[in-house]
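# Architecture at a glance
The primary structure of each chain is shown beneath.
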Amino acid sequence: MPQVTELNDLQVFPDGVRQVTCRDCLAEASDKLGFSFSMAFQPIVDIDRNEIYAYEALVRGPNGESAGSVLGQVTDQNRYYFDQAARVTAIRLASELGIEAHLSINFMPNAVYKPQACIRATMEAAAIYGFDPKRLIFEVTEAERITDRGHLRSIFDEYRERGLMRAIDDYGEGFAGLNHLIELEPDLVKIDLNLIRGVDEHRSKQAVIRSTAMMCEEMGIELIAEGVETREEYETLRSLGLNRFQGYWFARPGFETLPIPEMP
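Presented here is a report on the structure given in the accompanying data block. (Residues numbered from 1 in each chain as written. Predicted model: local features only at pLDDT ≥ 70, side-chain atom pairs only at ≥ 80, totals over all residues. Heavy atoms only, no water.)

Attention now moves to the overall build of the protein. The helix and strand inventory of the protein stands at 10 helices and 12 strands. Looking at the protein residue by residue over its 264 residues, the buried ones come to 50%. Approximately 12,000 Å² of the protein is accessible, and the part contributed by carbon and sulfur atoms is 46%. (Helix = DSSP H or I, 4+ residues; strand = E, 2+ residues; numbered from the N terminus. Buried < 20%, exposed > 50% of the residue type's maximum accessible area, 1.4 Å probe, protein only. Areas by Shrake-Rupley, 256 points an atom, 1.4 Å probe, with all protein chains shown as cover.)

Here it is as structure tokens:
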């Protein structure tokens, strides 16, 4: 992990990257990034409780352009600024839109130089915008290339100590699999959409999801099925014991709005 020089309340990172407050973060990001972005929100529903469990913040262009159009502009030089600005933007919009459920934010572990310093803007943003940090969920995709797994564990440990929830996204897609569950001890796991797609027609997928659900229950980990697009997929997953879902069958992401899901 890169060395970090600490100067009282100022963190100085490689290439002159620094962070003081969330306002600093946003002000500097506008210069360092060279592009702007916003967020869309997609609900995660809890069927047993018949309620919205969370909204996931999904990066979009300033006029609703695709996530790819934004992420394609992220480089090694601006990754830190983007990751920090994305967190603050998600929290600000969530507060303005009046989200009362959890807020799920994707983060880039390779952009986090030092967990204690990098979470400062997140906690400050939550305080400034009046968003309870205990309703924050931070997702890391299993498919992302992790250069230092010990560093990722230190991030998860810091979030746990702060009372923040931690999730593994795209479970079943990446290289780590069971090792991630054991080493990171997440609060939530989101099953990769490639396992979800057409699950009603694939007994092998059903077997994998059933065993994953049983294992997560034993470990005290909540399970979410993402990418659900058909009633058949939903009903099959429901029969396997899942109760939290995300996908187009319930609601598409809404640009700077909170879509109301169709509940079965």
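Picking up after the structure, the text goes on.
For the rest of this paragraph, the subject is unusual backbone geometry. Unusually for a residue other than glycine, Glu185 sits at a positive phi of about 50°. Among the secondary structure elements, Glu185 is positioned in the loop between helix H7 (178-184) and strand E9 (188-191).

In this section: the packing of aromatic side chains. Throughout the structure, instances matching the rule amount to 12 aromatic pairs. Taking the centre distance of 5.8 Å and the plane angle of 85° together, the rings of Tyr234 and Phe250 count as edge-to-face. Residue Tyr234 is found in helix H10 (residues 231-239), and its partner Phe250 is found in the loop between strand E11 (244-246) and strand E12 (254-255); the two are separated by 16 residues along the sequence. The exposure class of Tyr234 is buried, given its relative accessible area of 7%. The rings of Phe107, Phe138, Phe156 and Tyr159 are connected pair by pair, giving a single aromatic cluster. The ring centre of Phe131 lies 4.1 Å from the NZ or CZ of Arg135, which sits over that ring. (Phe/Tyr/Trp six-rings, centres within 6.5 Å; stacked < 30°, edge-to-face > 60°. Lys NZ or Arg CZ within 6 Å of the ring centre and 35° of its normal.)

Below, the discussion takes up the packing of helix H3 (residues 79-97) against helix H5 (residues 120-128). Helices that pack against each other are described as a pair by the angle of their axes relative to one another and the distance between those axes. Direction vectors running N to C along H3 and H5 enclose 15°, while the axes themselves pass 9 Å from each other. It follows from the interaxial angle that H3 and H5 lie roughly parallel. The hand of the H3/H5 crossing is right-handed. On the side of H3, the interface is formed by Gln84, Arg87, Val88 and Ile91, while H5 contributes Ala121, Thr122, Ala125 and Ala126. Residues of the contact of H3 with H5, tallied by class, amount to five nonpolar, two polar and one charged. (Axes fitted to C-alpha atoms, helices over the stretch in contact; angles between N-to-C directions. Parallel < 35°, antiparallel > 145°, perpendicular 65-115°, else oblique. Left-handed = near helix turned anticlockwise from the far one by under 90°. Contact = heavy atoms within 4.5 Å. Nonpolar A, V, L, I, M, F, W, Y, C, P; charged D, E, K, R; others polar.)

This paragraph deals with the environment of His151. Relative to the elements of secondary structure, His151 occurs in helix H6 (residues 149-161). His151 sits in the buried class, given a relative accessible area of 9%.

Listed in full, the buried residues belonging to H5 are Ala121, Thr122, Ala125 and Ala126. Buried residues of H5, seen end-on, are gathered within an arc of 135° and therefore sit on one face of the element. Positive phi shows up at Gly130, right after H5, with a value of about 70°. (Arc of directions from axis to C-beta.)

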